[in-house]
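This is what each chain is made of:
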Amino acid sequence: MRLLSCPSGEWEIARALPDERLRPGVHSYRGFRIALRRPQRRLELPQGMVTLVIGFEDPIRIANAVHPAWTPYTSLVAGLHTRAALGEHDGRAFGMQVILTPWAAFSFLAVDMHELAESVVDLDTVLGARGRALADALAAAPGWAERFALLDRVLTRACASGPVVCPQVLRAWELLCVGRRHLPVGNVAAEVGWSERQLRRRFQEQIGLSPMAVTRVVRLRHALHLLTTGASATATASACGFHDQPHFQHEFKAMTGLTPAEFLAHRALGSVGPACVDRIAGRVTSVLLPASAGHVWGPISTRRAIPRDDRVKPPRPETLPLPERAKVAKVPSDDEVIVVRTPEEFLGMPEEYQSMAKRQMLIHAEGELSGADDYIRVFYPLAPNAEERQVCCERAAEEINHFKVASAVLSDLGIDTTQMSTQTLEERRKLFLTADFHNSSTWAERGVVSWLIEDAVMELLKEMSASSYRPWADSFRTVIQDERVHIAHGARIVRGLVKDREGKKQVQAAVDRLWPHSLDVFGNPASKKAEIAVSWGLRTRTNAEARRDWEVRGGAKVKKLGLTLPV
C-alpha cells in the first residue's frame, strides 16, 4: 500500500494492488479523503476500464459532458465509455475506488455489460443489498489497509461465483488492448475462431462496447500518453494510425470534448488537491477544470451531420428562422436535415410533422404512467421479500418522473397531460395497450417483463433520443439510463430463476406468454406512417426494421439461457 497526504490535512490518497488471485482483472484500489475549501470539477476521459466508487459521506455529482444534467451519487458503477464525463464535488469526498477490466466486472457484477455501457448507475441498483453491506463494512473499517483486505475477500468470493468470461473474449480483448493502431475486427475474429458477428455480440455482452469502439478507446489512451510525454500532435497522429492530423483532431475532440492543445493547456494548469490528478497509476485519466466550467461539447446530432456553422454559432433564439419544412408541406427528401430546436419552430412545422410527433410523445407519456402502475399494482404484490418490494416502489417513482419529463416537453407545446395523470390503469389501457399485457401473475413474469418487454421498448427510446425535435431527444438522457437499470434487474431475476428446473419452467412459461407482446411494442410492420416518421427524423427505423432487429437481439437473449421462443 502507498499513502500520499497533504501536510495541511486537506487530502489523503491511498493506493494498493489487489490480491494476486484477482489480477489482472481487478486492476487497482484507491482510497480518498478530500477536504478542500473549494469545489473541484474533473473531466474523466475514456479508459476502457469499469470504475466502482464506494462513497462513505458526501455524494459526488456526475454529468454527461455533452448534455450536463448533474446527478448525485454516493456509490456508483461507471461502465465503459467512448466519451468523457464530468465529475464534481463541493470540496469534500471520502470513499474508495475499484478499477476493473470489463470482463472482471462482468463476473463480479453478474450483468450484461452492454447494460452499463456509456452509463453511470447507482451501485445499490446493480448490487442491491450486497452493495449497501459492502459500503457499510468499508466505512466502518479502521483504516485503509483493512479496507483493501476486505475488498480482496469480497471480490474473490464474488468473481469465483459469477459468470465466466469466454476465453475467446479474453483473447480478443488482449489483442485489441496491446495494439496501439487500428486493428481490423475481422483479423481479431479470425484469430479467436469466431465470425465478426459472434465476436461483436459476445463483446457487447461481456465487455460492454463493440470491438471497434474498444479500438477507439485504446487508440485514444495511447494518444493521451504520447501528448503528455512531449510528442507533437502530428507525431501522435502518425504513431496512432490516424489518416492525417485533421482526422486525429476530430476524433480527439469527439471523445474528450477538447482539442489536443486545449487538453494540454488544462493539464499544465496544475491541481487543487491531490498532487496526482490521474485515477489510475501510469495512465492519463483526468483533466481538472474550473469549478464554474460549463459543458465541454456543443450540440451533437445523433441522426445526420449538422452543418458546422449550426453547431458552432447557432442563431440567437429570438432570431431563429423557421425551418424550410414549415413552408413546404411535403415529405422531406433523404438528403435533407431536419433539426427543430424550439417549441416555436415545432409549431411552425407542417401539420403532418406535428401530429406524428405529438402522438409519439403522448404514447410515451402514457406508457411511463402505466409502467408505474404495473410496478405498484401488479409487481409489488408478487415480490418475494421486502427488498424487492422496495425496488418496485423505487421503479414506480422513476417511471412517474419519466412521465413528468415528457409532460414538460408537451406542456411547452401547449398540451396539458393533467387528465392523463388522473386516469386509472384501466382507463389508460383503452388508449394504447391491451389489458393482457398488465396481467402478470408470477414473479417470473415480472422478471421477463423487464428483461424482454422493457428492453424492446428501449429500442424505441433510443430512436426517440435521436429525434429531430431536439427538446424531445434531450429529455431521454436520464430516462434511458434508468431503463437500462430496470432491464438489468429483470435479467438478474430471470437468471436467478433458471438455475433450477421449476424456476426455468416458470420463466419459459413467461417467455411463451410475453414474447409476442415484446413484438407488439413495434406496432404494425406494414405501417406507412412509420416510414413517414423516419423521413421527418422522428424515427430512425421503420416498424418492420425495428421489429426485425429486436427479433435477432431479443431472440439471442432468450436462447442464451437455454429457453425457446414460442412458435
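Computed from a prediction, not measured in an experiment: that's the story for all the values here.

> Could you give me a rundown of the overall build of the protein, with the residues and numbers involved?
The number of helices and strands found in the protein is 23 helices and twelve strands. The buried share among the 567 residues of the protein stands at 53%. Taking the contacts inside the protein whose residues are at least 6 apart along the sequence as the reference set, 72% of them involve residues at least 24 apart.

> Please provide a residue-by-residue account of the pairing of strand β6 (residues 60-64), values included.
Successive side chains on a regular strand alternate, one facing one side of the sheet and the next facing the other. As judged from the three bridges shared by β6 and strand β7 (residues 71-73), these two strands associate in the antiparallel manner. Across the sheet, R61 pairs through a bridge with P72, a residue of β7.

> Go over the sheet that holds strand β10 (residues 92-100) with me, naming the residues and quoting the values.
Strand order in this open sheet of seven strands is β1-β2-β3-β10-β5-β8-β11, and the pairing throughout is antiparallel. Among the strands making up the open sheet, the edge pair consists of β1 (2-5) and β11 (120-122). Here the strands of the sheet are splayed against their neighbours by 15° on average, with no regard to which way each runs. Summarising the sheet, strand β8 (residues 75-78) and β11 pair through three bridges and their orientation is antiparallel. Paired with A78 across the strands is V120, a residue of β11. Contacting β1, β2 (11-16), β3 (26-35), β5 (50-55) and β10, helix α4 (residues 144-161) crosses the sheet at an angle of about 145° to β3.

> Summarise the packing of aromatic side chains; cite the residues concerned and give the values.
Within the structure shown, the criterion is met by twelve aromatic pairs. Arranged with centres 5.7 Å apart and planes meeting at 65°, the rings of F346 and Y353 form a pair that is edge-to-face. F346 sits in the buried class, given a relative accessible area of 0%. Aromatic ring contacts, followed pair by pair, group F242, F248, F252 and F263 into a single cluster. The positively charged end of R130 is found above the aromatic ring belonging to F108, 5.5 Å away from the centroid. The side chain of R147 reaches across the aromatic face of W144, ending 4.8 Å from its centre.

> Give a description of the environment of V558 that names residues and reports values.
For V558, the location among the structural elements is in helix α23 (residues 543-560). The exposure class of V558 is buried, given its relative accessible area of 0%. Spatially, the C-alpha atoms of V558 and L452 are 8.8 Å apart, while their sequence positions differ by 106 residues. Once residues within four sequence positions are removed from consideration, V558 is found in contact with W451, L452, V511, L563, T564 and L565.

> Tell me about the nonpolar core, residues and numbers included.
Membership of the largest hydrophobic core comes to 82 residues, with the highest contact counts inside it found for V77, L109, F203 and F263. Not counting residues within four places of it along the chain, the set of residues in contact with L109 comprises V77, L116, V126, L127 and R130. In this structure, A357, I480, I487 and A533 belong to the second largest nonpolar core, which totals 61 residues.

> Kindly report on the sheet that holds β6, identifying the contributing residues and their values.
Note on sheets: strands pair through backbone hydrogen bonds, and any given pair is parallel or antiparallel. The sheet built from five strands is open, its strands ordered β7-β6-β9-β4-β12 with antiparallel pairing. Where the open sheet ends on each side, the last strands, each with one partner, are β7 and β12 (286-289). Averaged over all neighbouring strand pairs, the angle between strand axes comes to 30°, with direction disregarded. Here strand β4 (residues 40-44) pairs with strand β9 (residues 85-89) via five bridges, running antiparallel. Among the inter-strand pairings, L43 is bridged to a residue of β9, identified as L86.

> Which residues make up the pattern of salt bridges, and what values go with them?
Tallying each qualifying case throughout the model produces 27 salt bridges. Linking D278 and R267 is a salt bridge whose minimum nitrogen-to-oxygen distance equals 2.8 Å. Residue D278 is found in the loop between α11 (260-268) and β12, and its partner R267 is found in helix α11; the two are separated by eleven residues along the sequence. By relative accessible area, which is 10% here, D278 ends up buried. Measuring nitrogen to oxygen at the nearest pair gives 2.7 Å for the salt bridge that ties D455 to K557. Here the residue D455 occupies a position in helix α18 (residues 443-464), and K557 occupies one in helix α23, the gap between them amounting to 102 residues. Look at K557 and you get buried, because its relative accessible area is 10%. Shared partners join several salt bridges into a network, and the residues in it are D455, E459, E463, R539, R541, D549, R553 and K557.

> Describe unusual backbone geometry, with residues and values.
Going from R23 to P24, the amide bond is cis rather than trans, its omega being 0°. On the secondary structure map, P24 appears in the loop between β2 and β3. Backbone geometry places E118, a non-glycine residue, at a positive phi of 55°. Its location among the elements puts E118 in the loop between α1 (102-109) and β11.

> For the packing of helix α14 (residues 351-379) against α18, give the residues involved together with the corresponding values.
Running from amino to carboxyl end, α14 crosses α18 at an angle of 165°, the nearest separation of the two axes being 13 Å. Compared by their axis directions, α14 and α18 come out roughly antiparallel. The handedness of the crossing between α14 and α18 is left-handed. Together, Q360, H364, Y375 and F379 of α14 and W443, R446, V449, S450, E454, L461 and M464 of α18 make up the contact between the two elements. Here the residues of the contact of α14 with α18 sort into six nonpolar, three polar and two charged.

> Lay out the side chain of Q508 in plain terms, naming residues and giving numbers.
Its place among the elements puts Q508 in helix α21 (residues 501-520). Ignoring any residue separated from it by four or fewer positions in sequence, one finds Q508 in contact with L563 and T564.

> Which residues make up the environment of A233, and what are the values?
Following the sequence through the fold, A233 ends up in helix α9 (residues 233-239). The class of A233 is buried, set by a relative accessible area of 19%. When near neighbours in sequence (up to four residues on either side) are disregarded, A233 contacts L227, Q245, F248 and Q249.

Cut-offs applied
- Residues numbered from 1 in each chain as written.
- Predicted model: local features only at pLDDT ≥ 70, side-chain atom pairs only at ≥ 80, totals over all residues.
- Heavy atoms only, no water.
- Helix = DSSP H or I, 4+ residues; strand = E, 2+ residues; numbered from the N terminus.
- Buried < 20%, exposed > 50% of the residue type's maximum accessible area, 1.4 Å probe, protein only.
- Contact = heavy atoms within 4.5 Å.
- Pairing = 2+ DSSP bridges.
- Axes fitted to C-alpha atoms, helices over the stretch in contact; angles between N-to-C directions.
- Phe/Tyr/Trp six-rings, centres within 6.5 Å; stacked < 30°, edge-to-face > 60°.
- Lys NZ or Arg CZ within 6 Å of the ring centre and 35° of its normal.
- Core = buried A, V, L, I, M, F, W, Y, C linked by side-chain atoms within 4.5 Å.
- Salt bridge = Lys/Arg side-chain N within 4 Å of Asp/Glu carboxyl O.
- Parallel < 35°, antiparallel > 145°, perpendicular 65-115°, else oblique.
- Left-handed = near helix turned anticlockwise from the far one by under 90°.
- Nonpolar A, V, L, I, M, F, W, Y, C, P; charged D, E, K, R; others polar.

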